[in-house]
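Here's the letter readout for the chains.
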There are 2 protein chains.
Amino acid sequence: MMHKNDLDTPCLLLERSLFDRNVRLMLERAAIAGKALRPHAKTHKCSQIAREQLEAGNCVGICAAKVSEAYALAEAGIENILITSPVTTPAKIEQLLACAARTRECLVVVDNLDNACQLNEAAARLPAPLPILLDLDPEMGRTGIAFSEAPEFAHRLHAMPNLSLRGIQCYAGHLQHLRNTDERHRESRRLMQKAAQVFRQLQGEGLPMQIFTGTGTGTASSDLEIPELTDIQVGSYCVMDAEYAAVENPEHLLFEQFCPALTLVTTVISNNHDSHVTVDAGLKALYFTPETPPRVVRQGLPLPGWRYEWFCDEHGKLFFPGEKPALGERIELCLPHCDPTINLHDEIHVIDHGKLVGRWKIDLRGKVY
Amino acid sequence: MMHKNDLDTPCLLLERSLFDRNVRLMLERAAIAGKALRPHAKTHKCSQIAREQLEAGNCVGICAAKVSEAYALAEAGIENILITSPVTTPAKIEQLLACAARTRECLVVVDNLDNACQLNEAAARLPAPLPILLDLDPEMGRTGIAFSEAPEFAHRLHAMPNLSLRGIQCYAGHLQHLRNTDERHRESRRLMQKAAQVFRQLQGEGLPMQIFTGTGTGTASSDLEIPELTDIQVGSYCVMDAEYAAVENPEHLLFEQFCPALTLVTTVISNNHDSHVTVDAGLKALYFTPETPPRVVRQGLPLPGWRYEWFCDEHGKLFFPGEKPALGERIELCLPHCDPTINLHDEIHVIDHGKLVGRWKIDLRGKVY
């Protein structure tokens, strides 16, 4: 079996035991609160990881951000999919129907009456009504309808013969990385309680409210206390990154108890200077912002005094505290933000005790539609 | 034939006539100066564009930033390739040999004696010596050897039996986007003249100096005046972007006479607010920095008052000056920085008079090794 050090760089390594631990941790937390998981595939863009998440248990399905992601998941055999953004164009709606035909259940969120009419018309071609969720806007203005307008909108959706309203979605994406922990949880609780109130009201009015889905890794621990919430759309928890660690425990690269299972290995390709060396991972191998750069790690912990800076699209500039790294030396980086970094690669290398035990294709990469 | 408005979004559109114009413009400029082109494929990651560039004429080859890009180009039938970064690990060197076996000529740059020894040893397996260029550091510290150390290094390279020294590379990547035009050209001239001096000295000392390659789109017009320079490694000129336009003529989105031939089309997927709408292109469909955001364009010109902001990995936030765009409305964006944006997509849609006339696979995407 190949050793991880024989893999060409830059490459993504997934430490199998840490990944399993992260997956188990979140599903146990949810189970204790009486909730299920609906893990978000936008993070990993990998149907094999989606399968692993489903097989670990306590999952009601998998989330996709785009209909093209959902279709790729359906093709890979995933049977319960929720598309967490509105599907609004003729081409996308066609793909949604194709996706519905290939899965046991393909849910989609709706935040607009015209869009609901489009979907209702298209869904006439399906053998059964298209299951939908009403998308609530957690006061961030990205997608969703205002809390105050939701009840009337829900009744309109419910009246459409080819749509089957199943519940609500409320995802506060803007809160997930808030560094003030109190504020993050307080604000999320406030918004999720407003969503819960809508959920109860609609239940009271006789609408079929089976699903109340939402939450990300950053607010899961407080959102799990909301009684009405049925499942959580967590994504980053399984691989983790420096951005989440920066929120809570940058020193040990931990967020709550989740740890970085995925790292990027890069190699020194030029070292003619005493101040820094050049490595083979630039903007095309990792997502970079100066605010949350990748962290140089060894055995899962940050190496003090090391610093990665952007050098160009193809290369990084690495500052080191002691002896200069040799040409060809391999450097391990904790990802800055996992989603857009994974999205740059073709595969994830699964590592167990230093050995390569799997290559998981990032098969949803490029599914931007 | 499909109309461009029927393509699902987000998608890249290449306006055929503008692309042809950009390609012709650069090759004519180089020809007037008595130089050739060696277009850089890192920009477009597309072997079909490389072929178009070669077929347009006045090209001595194609550049690749990574050996895996070079290999993909070789597989696509490109016969003269220069790898513009050092190739330093056993796995990469293996791929370099495979690449050399598949092409008429595969040049690689060298900036380190240990690396040269590695290459010399590996190249013993090739039927002919491996052609190399000495990589000069234009005082930016990314790759390359200092001007002062170059002569001695060149003689060492020349003495290696399995390497065939052909010339030098000097690429001042840090100058290409300098907004001060005078400084950009003055500084580039200063550095390229230093490189030219090394080139002349080595020629005088009897070393086989046939190639002096360098330059990017930002400094080509002044570098073309350097007599010793043989060919230019321009990349962005063929598709162009907002970052280059910001350097010179942001109002008309022009850099010198090059214009944006490549745009990204995105669609409004949520419009429940008066202040902004949400579009389906986020960080996974375009490279974004707040300093040079993508520009909203129509017929190649920026629309005044429109502004794109990042919303999340999957979505953008679009501010508009007048009437709110409808759900499903298509918005065209001039790319912020072409290289890392193209790298997120699977194909380029070639458009002529509004019709789709080609789909060019971005087949070097994911070639980060």
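Residues numbered from 1 in each chain as written. Chains lettered and ligands numbered in written order. Predicted model: local features only at pLDDT ≥ 70, side-chain atom pairs only at ≥ 80, totals over all residues. Heavy atoms only, no water.

Attention now goes to the pattern of salt bridges. Residues and elements named next belong to chain A. Scanning the entire structure with this criterion turns up 46 salt bridges over all chains. Between Glu 139 and Lys 194 there is a salt bridge; the shortest N-O distance is 2.9 Å. Remark: Lys 194 occurs in helix H7 (residues 181-204) and Glu 139 occurs in the loop between strand S6 (130-136) and helix H6 (150-158); sequence separation between them is 55 residues. The partly exposed category is assigned to Glu 139, whose relative accessible area is 42%. Between Arg 200 and Glu 228 there is a salt bridge whose closest N-O contact spans 2.6 Å. Of this pair, Arg 200 sits in helix H7 while Glu 228 sits in the loop between helix H8 (220-223) and strand S9 (231-232); the two residues are 28 residues apart in sequence, bridging distant segments of the chain. Look at Arg 200 and you get partly exposed, because its relative accessible area is 42%. What makes Glu 228 buried here is its relative accessible area of 16%. Residues participating in the shared-partner salt-bridge network are Glu 139, Glu 187, Arg 190 and Lys 194. (Salt bridge = Lys/Arg side-chain N within 4 Å of Asp/Glu carboxyl O. Helix = DSSP H or I, 4+ residues; strand = E, 2+ residues; numbered from the N terminus. Buried < 20%, exposed > 50% of the residue type's maximum accessible area, 1.4 Å probe, protein only.)

Right, let's talk about unusual backbone geometry for a bit. Here the bond from A:Thr9 into A:Pro10 is cis, since omega is -5°, no more than 30 degrees from zero. Here the phi dihedral of A:His353 falls at roughly 50°; this positive angle occurs in a residue that is not glycine. Tracing the backbone shows A:His353 in the loop between strand S17 (347-352) and strand S18 (355-361). Phi at B:Lys45 takes a positive value of approximately 50°, unusual for a residue other than glycine. Relative to the assigned elements, B:Lys45 resides in the loop between strand S2 (36-37) and helix H2 (47-56).

Before going further, it helps to spend a moment on the domain arrangement of chain A. Residue and element names in this part refer to chain A. In terms of domain boundaries, chain A breaks down into domain 1 (4-10 + 244-361) and domain 2 (16-238). Between the C-alpha centres of domain 1 and domain 2 there is a distance of 32 Å. Between domain 1 and domain 2, the residue contacts involve 21 residues of the former and 29 residues of the latter. Here domain 1 and domain 2 share an interface that buries about 2,300 Å² over both sides, 58% of which is from carbon and sulfur atoms. Seen at the junction of domain 1 and domain 2, the total is 1 salt bridge. Remark: the boundary between domain 1 and domain 2 carries 6 residue pairs in polar contact (both at pLDDT 80 or more). Elements represented by at least two residues in the side of domain 1 that touches domain 2 include exactly helix H9 (242-248), helix H10 (338-342), S17 and S18. With 4 residues, the top contributor of residues to the side of domain 1 that touches domain 2 is S17. (Domains from an automatic or database assignment. Contact = heavy atoms within 4.5 Å. Buried area = accessible area lost by both parts, 1.4 Å probe. Polar contact = N/O pair within 3.5 Å; in protein donor to acceptor, adjacent residues only side chain to side chain.)

Residues and elements named next belong to chain A. Of the two faces of strand S15 (residues 316-319), both are covered, the one formed by Gly 316 and Leu 318 as well as the one formed by Lys 317 and Phe 319. Both strand S11 (residues 277-279) and S15 contribute to a ladder of 3 bridges, which runs antiparallel. In the sheet register, Val 277 faces S15, and the bridge partner there is Leu 318. Bridge count for strand S14 (residues 307-310) against S15 is 4 bridges, and the pairing is antiparallel. Within the sheet, the bridge partner assigned to Arg 307 lies in S15 and is Phe 319. Where S14 hands over to S15, the hairpin turn is made up of 5 residues, counted between the paired strands. (Pairing = 2+ DSSP bridges.)

For the rest of this paragraph, the subject is the sheet that holds strand S3 (residues 62-64) of chain B. Judged by pairing direction, the sheet is parallel, and its 8 strands sit side by side in the order S2-S9-S8-S7-S6-S5-S4-S3 (chain B) without closing on themselves. Where the open sheet ends on each side, the last strands, each with one partner, are S2 and S3 of chain B.

Let us now look at the environment of A:His177. All names here are of chain A. Take His 177: it is sitting in the loop between strand S7 (163-170) and H7. Judged by relative accessible area, which is 26%, His 177 ranks as partly exposed. Note: C-alpha distance between His 177 and Thr 217 (40 residues apart in sequence) is 9.0 Å.

Attention now goes to the interface of chain B and chain A. Interface size, as often reported, equals the accessible area lost upon joining of the parts. Counting from both sides, the interface comprises 57 residues of chain B and, opposite them, 56 residues of chain A. At the junction of chain B and chain A, the tally comes to 8 salt bridges. At the level of elements, helix H4 (90-102), strand S10 (262-270) and helix H10 (338-342) of chain B are the ones that each hand at least two residues to the side of chain B that touches chain A. By residue number, the principal contributor to the side of chain B that touches chain A is S10(B), which donates 4 residues. Here the side of chain B that touches chain A is built from residues that sort into 19 nonpolar, 22 polar and 16 charged. (Nonpolar A, V, L, I, M, F, W, Y, C, P; charged D, E, K, R; others polar.)

So, on to the packing of aromatic side chains. The final tally for this structure, using the stated rule, is 12 aromatic pairs over all chains. Residues B:Phe199 and B:Phe212 carry aromatic rings whose centres are separated by 5.7 Å and whose planes lie at 35° to one another, so their mutual orientation is tilted. A residue pair is termed long-range when its members are at least 10 positions apart, and B:Phe199 in helix H7 (residues 181-204) and B:Phe212 in strand S8 (residues 211-214) qualify at 13 residues. You'll find B:Phe199 and B:Phe212 in the same group, each marked buried. Taking the ring centre of A:Phe319 as reference, the NZ or CZ of A:Arg307 above it sits at 4.3 Å. (Phe/Tyr/Trp six-rings, centres within 6.5 Å; stacked < 30°, edge-to-face > 60°. Lys NZ or Arg CZ within 6 Å of the ring centre and 35° of its normal.)

Rotating chain B by 180° about the axis while translating it 0.0 Å along that axis superimposes it on chain A, leaving an RMSD of 0.0 Å. Between the two chains, the operation in question is that of a two-fold axis. Considering only C-alpha atoms, the part of chain B nearest the rotation axis is B:Leu344, at 3.4 Å. (Least-squares fit on C-alpha atoms with pLDDT ≥ 70 in both.)

Residues and elements named next belong to chain B. Interhelical geometry of helix H3 (residues 67-75) versus H4 gives an angle of 25° and a closest axis separation of 9 Å. Here H4 runs roughly parallel to H3, going by the angle between their axes. With respect to the hand of their crossing, H3 and H4 are arranged in left-handed fashion. Of the residues in H4, those touching H3 at Val 67, Ser 68, Ala 70, Tyr 71, Ala 74 and Glu 75 are Lys 92, Gln 95, Leu 96, Ala 98, Cys 99 and Arg 102. Partitioning the contact of H3 with H4 into residue classes produces 7 nonpolar, 2 polar and 3 charged. (Axes fitted to C-alpha atoms, helices over the stretch in contact; angles between N-to-C directions. Parallel < 35°, antiparallel > 145°, perpendicular 65-115°, else oblique. Left-handed = near helix turned anticlockwise from the far one by under 90°.)

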